[in-house]
Amino acid sequence: MDERQKLMEQIMAYDFCMIDLGLFLDTHPADANALNDFRTCYMESEKLRKQFEEKYGPINQRFLPNPRCWQWIDDPWPWAREA
Amino acid sequence: MKEKETLIFSGNCCSGQSISIPVMPNNPQLAQAYIPYQIYNGIMSPMEGLSKGTVFRELYQPYPGK
């Protein structure tokens, strides 16, 4: 698996973790340990997204485009497996 | 289950009054169904969770293979 794919899988893993922890926190909003793990996942996901976008371009259309060209169209798509 | 009580907030609001509730009712009634209130025991690694479909080890219950 290439570097880009590995990074994307890590982002997916942290984002999934936040969804699952979010479900738990809906019914346990004061659980300090769960809150702490959610915060860790959030920060890790943000860090990895930033890394990914700096290296490989935007993950979705919520990005600050270059004034001359819409880099969203640049190959490969974020979800594409082959570079 | 290690602890038998968990903390919730009244009024579905973080500024509400905190209340400690039992994981299972103290006086269960006949013909009523109950679900134990989950207690946090930590999570597996996000990568493992992604492949298993949950990050909670106690909720990972795959069907036995044939």
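Residues numbered from 1 in each chain as written. Chains lettered and ligands numbered in written order. Predicted model: local features only at pLDDT ≥ 70, side-chain atom pairs only at ≥ 80, totals over all residues.

Q: Any chance you could break down the overall build of chain B for me, citing the residues and the numbers?
A: Of the regular secondary structure elements, chain B holds one helix and two strands. Along chain B, from the amino end to the carboxyl end, the secondary structure elements read β-β-α. Here the C-alpha radius of gyration of chain B, 16 Å, is well above what a compact globule of 66 residues would show, namely 11 Å. In terms of overall dimensions, chain B has a C-alpha envelope of 45 × 35 × 20 Å along the principal axes. The contacts in chain B between residues at least 6 apart in sequence include a share of 12% that link residues at least 24 apart. (Helix = DSSP H or I, 4+ residues; strand = E, 2+ residues; numbered from the N terminus. Rg over C-alpha atoms; globule rule 2.2 N^0.38 Å. Contact = placed C-beta atoms within 7 Å.)

Q: Help me get a handle on the nonpolar core, residues and values and all.
A: Membership of the largest hydrophobic core is limited to twelve residues, which are A:Met8, A:Ile11, A:Ala13, A:Tyr14, A:Phe16, A:Cys17, A:Met18, A:Leu21, A:Cys41, B:Ile43, B:Leu50 and B:Val55. Ignoring anything within four residues of it in the chain, the contact list for B:Ile43 reads A:Cys17, A:Asp37, B:Gly49, B:Val55 and B:Phe56. (Core = buried A, V, L, I, M, F, W, Y, C linked by C-beta atoms within 7 Å. Buried ≥ 20, exposed ≤ 12 C-beta atoms within 10 Å, placed from the backbone.)

Q: So what about the environment of B:Leu59? Which residues, and what values?
A: Mapping B:Leu59 onto the fold places it in the segment after helix H1 (46–52). The spatial distance from the C-alpha of B:Leu59 to the C-alpha of B:Gln38 is 9.8 Å, given a sequence separation of 21 residues.

Q: A description of the interface of chain A and chain B should follow, citing residues and the corresponding values.
A: In many reports, interface size means the accessible area that the parts give up when they come together. Each partner contributes residues to the interface: chain A has 16 residues there, and chain B has 16 residues. For the side of chain A that touches chain B, the secondary-structure elements that each account for two or more residues are helix H1 (3–27) and helix H2 (32–56) of chain A. Here the side of chain A that touches chain B gets eight residues from one element, more than from any other, and that element is H1(A). Broken down by class, the residue content of the side of chain A that touches chain B amounts to eleven nonpolar, two polar and three charged. (Nonpolar A, V, L, I, M, F, W, Y, C, P; charged D, E, K, R; others polar.)

Q: Kindly report on the packing of H1(A) against H2(A), identifying the contributing residues and their values.
A: Residue and element names in this part refer to chain A. Between H1 and H2, whose axes approach to 9 Å, the crossing angle comes to 155°. Considering the angle they form, H1 stands roughly antiparallel to H2. The handedness of the crossing between H1 and H2 comes out as left-handed. The residue makeup of the contact of H1 with H2, split by class, is 17 nonpolar, three polar and five charged. (Axes fitted to C-alpha atoms, helices over the stretch in contact; angles between N-to-C directions. Parallel < 35°, antiparallel > 145°, perpendicular 65-115°, else oblique. Left-handed = near helix turned anticlockwise from the far one by under 90°.)

Q: Residue-level account of H1(A), with values.
A: An α-helix turns once every 3.6 residues. As a result, residues three or four positions apart point the same way. If you check H1(A), its first and last C-alpha atoms are 37 Å apart, about what 25 residues at 1.5 Å a residue would give, namely 36 Å. Listed in full, the buried residues belonging to H1(A) are A:Met8, A:Ile11, A:Ala13, A:Tyr14, A:Phe16, A:Cys17, A:Met18, A:Asp20 and A:Leu21. Against the buried residues of H1(A) lie H2 of chain A together with H1 of chain B. (Expected span 1.5 Å × (residues − 1).)

Honestly, that's just the spatial picture; any functional story needs more than this.
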